[in-house]
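Coordinate analysis (summary)
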Amino acid sequence: MPDAPPIRILFFAALRDTLGDGVPLDLPARATVAGVRAALRARGAPWHDALDLSRGVRAAVNQTLAGDDTAVAPGDEVAFFPPVTGG
Amino acid sequence: MSGFTVRVQGADFDVAAELARLRAPEVGGLASFIGTVRASEGDAPLVALELEHYPGMTERAIGAMLDAARTRFALTGATVIHRVGRLPVGAQIVLVATASSHRQAAFEGCAFLMDYLKTQAPFWKRAHTATGAHWVAAKASDDAALARWGVASRNAGAAA
């Protein structure tokens, strides 16, 4: 899909300290959060270790909490962040 | 959603004024919780707590929590105010206030909203001490608190 808008990636808190502000990412259709994470990790260091599933990284798609299976469409906003500590 | 308010702001809030806004002829009771910055977070004495957040998602997430609270409890109104930015020791961080015709819904609604906020609202605390700064770790006990209401929480427990 040549003109599909890229997805916008955001990082927060300790993850942003490590990975910076996030970059646009082109994805094939019918991607999921797991697919986005895998594509980022495939870039190598520092993404590979920082986004390791065992580190408890959480995700949101279009500002709603998401799981690994949540679908991601072109132009979506996908955020990755550590466990939250508000309240 | 009249009577149900979410605010995410840097400015401090006036608890008495917020409670007064929840009063109405049908209200028989108000309940509230105020979270404040404790003097220590871990080993070193705290200089300040800095709250980072995900603008847009915070309001949306808290709005969804208020919807969940209204479904479970007979509330006439509720207010959640969460501050962001750099806060000194003793500062107010968060207000959860609820109003109902009877006390049980007010008390339980308030506790439910706080437990929900602790594990599902996108805020992150950074503790500034004399020797440096570190991100505060999420606690599994907060996941357990939300689980008691029958809501699955995978925050601190997100690591599989």
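Residues numbered from 1 in each chain as written. Chains lettered and ligands numbered in written order. Predicted model: local features only at pLDDT ≥ 70, side-chain atom pairs only at ≥ 80, totals over all residues. Heavy atoms only, no water.

So, the interface of chain B and chain A
Put simply, the rule reads: Contacts are assigned to residue pairs with any non-hydrogen atoms lying within 4.5 Å of each other. Summed over both partners, buried area is the accessible surface (1.4 Å probe) that two parts give up on being assembled. One side-chain nitrogen of Lys or Arg within 4 Å of one carboxyl oxygen of Asp or Glu is enough to make a salt bridge.
Each partner contributes to the interface: chain B provides 30 residues, whereas chain A provides 25 residues. Buried surface at the junction of chain B and chain A, both sides included, amounts to about 2100 Å², of which 55% is carbon and sulfur. Ranking the residues of chain B by area buried against chain A places B:Y54, B:M57 and B:W124 at the top, with a combined share of 31%. Viewed at the interface, chain A and chain B are joined by two salt bridges. Salt-bridge contacts for B:E52 lead to A:R16; the nearest nitrogen and oxygen are separated by 3.6 Å.

Remarks on the sheet that holds strand 6 (residues 92-100) of chain B
Residues and elements named next belong to chain B. Under the convention used in this document: Two strands pair if DSSP finds at least two bridges between them. Secondary structure elements are defined from DSSP: runs of H or I of at least 4 residues count as helices, runs of E of at least 2 residues count as strands, and each element is numbered from the N terminus. Only the stretch in contact is used when a helix axis is fitted, and all axes are lines through C-alpha atoms; the angle between N-to-C directions ranges over 0 to 180 degrees.
Overall, mixed pairing links the four strands, which are arranged 1-4-6-2 in an open sheet. Looking at the sheet topology across the chains shown, the edges are occupied by strand 1 (4-9) and strand 2 (29-36). When the angles between neighbouring strand axes are averaged without regard to direction, this sheet yields 5 degrees. As paired strands, strand 1 and strand 4 (residues 75-83) are joined by six bridges and run parallel to one another. Its bridge partner lying in strand 4, R7 is registered against I81. The sheet strands contacting helix 2 (residues 57-72) are strand 1 and strand 4, and the helix crosses strand 1 at an angle near 155 degrees. Its contacts with the sheet put helix 3 (residues 103-120) on strand 2, strand 4 and strand 6, and the angle it makes with strand 6 is roughly 145 degrees.

A few points about the side chain of A:R37
All names here are of chain A. Condition: Think of it in three bands: with a 1.4 Å probe and only protein chains considered, a residue is buried below 20% of the maximum accessible area for its type, exposed above 50%, and partly exposed in between.
Of note, R37 is situated in helix 2 (residues 33-41). Judged by its relative accessible area of 6%, R37 falls in the buried class. For R37, the contacting residues outside a window of four places in its chain are L51, L53, V57, D68 and F80.

Quick look at the packing of aromatic side chains
The line we're drawing: Centres within 6.5 Å are what make two rings of Phe, Tyr or Trp a pair, Trp counting through its six-membered ring; a difference in plane orientation under 30 degrees is then read as stacked, over 60 as edge-to-face, and the rest as tilted. To sit over a ring, a charge needs its Lys NZ or Arg CZ within 6 Å of the ring centre and within 35 degrees of the ring normal.
Tallying each qualifying case throughout the model produces eight aromatic pairs over all chains. With a centroid separation of 5.6 Å and an interplanar angle of 65 degrees, the aromatic rings of B:F73 and B:F112 are classed as edge-to-face. Here B:F112 lies in helix 3 and B:F73 lies in the loop between helix 2 and strand 4, a separation of 39 residues in the sequence. According to the relative accessible area criterion, B:F112 is buried, its value standing at 0%. Ring centres of B:F73 and B:W149 lie 5.9 Å apart, and the angle between their planes is 90 degrees; this geometry places the pair in the edge-to-face category. Of this pair, B:F73 sits in the loop between helix 2 and strand 4 while B:W149 sits in the segment after helix 4 (140-147), and the two are 76 residues apart along the sequence. Ring-pair connections join several aromatic residues into one group, and the members of that group are A:F12, A:F81, B:Y54 and B:W124. The ring of B:F4 is capped by B:R70, whose NZ or CZ atom sits 3.9 Å from the centre of that ring.

Considering the environment of A:T85
What counts here: Whenever two N or O atoms come within 3.5 Å, that pair is a polar contact, provided that in protein one can donate a hydrogen and the other can accept it, and provided that, for residues adjacent in sequence, both atoms are side-chain atoms.
In this fold, A:T85 is placed in the segment after strand 7 (77-81). In this view, A:T85 contacts B:F123, B:W124, B:K125, B:V136, B:A137 and B:A138; residues no more than four positions away in its chain are not counted. From its side chain, A:T85 meets the backbone nitrogen of B:K125 in a polar contact 2.8 Å long.

A few points about the nonpolar core
Applicable threshold: We define a nonpolar core as any set of buried Ala, Val, Leu, Ile, Met, Phe, Trp, Tyr and Cys residues linked to one another through side-chain atoms lying within 4.5 Å.
In this structure, B:L49, B:V96 and B:L117 are the most contacted members of the largest nonpolar core, which totals 36 residues. Looking at which element gives the most residues to this core, the answer is helix 3 of chain B, with eight residues. Setting aside its immediate chain neighbours within four residues, B:L49 contacts B:V37, B:G85, B:R86, B:L87, B:I93, B:K125, B:R126, B:A127 and B:V136. Counting residues in hydrophobic clusters, the runner-up holds 18 residues, among them A:I7, A:F11, A:V61 and A:V72.

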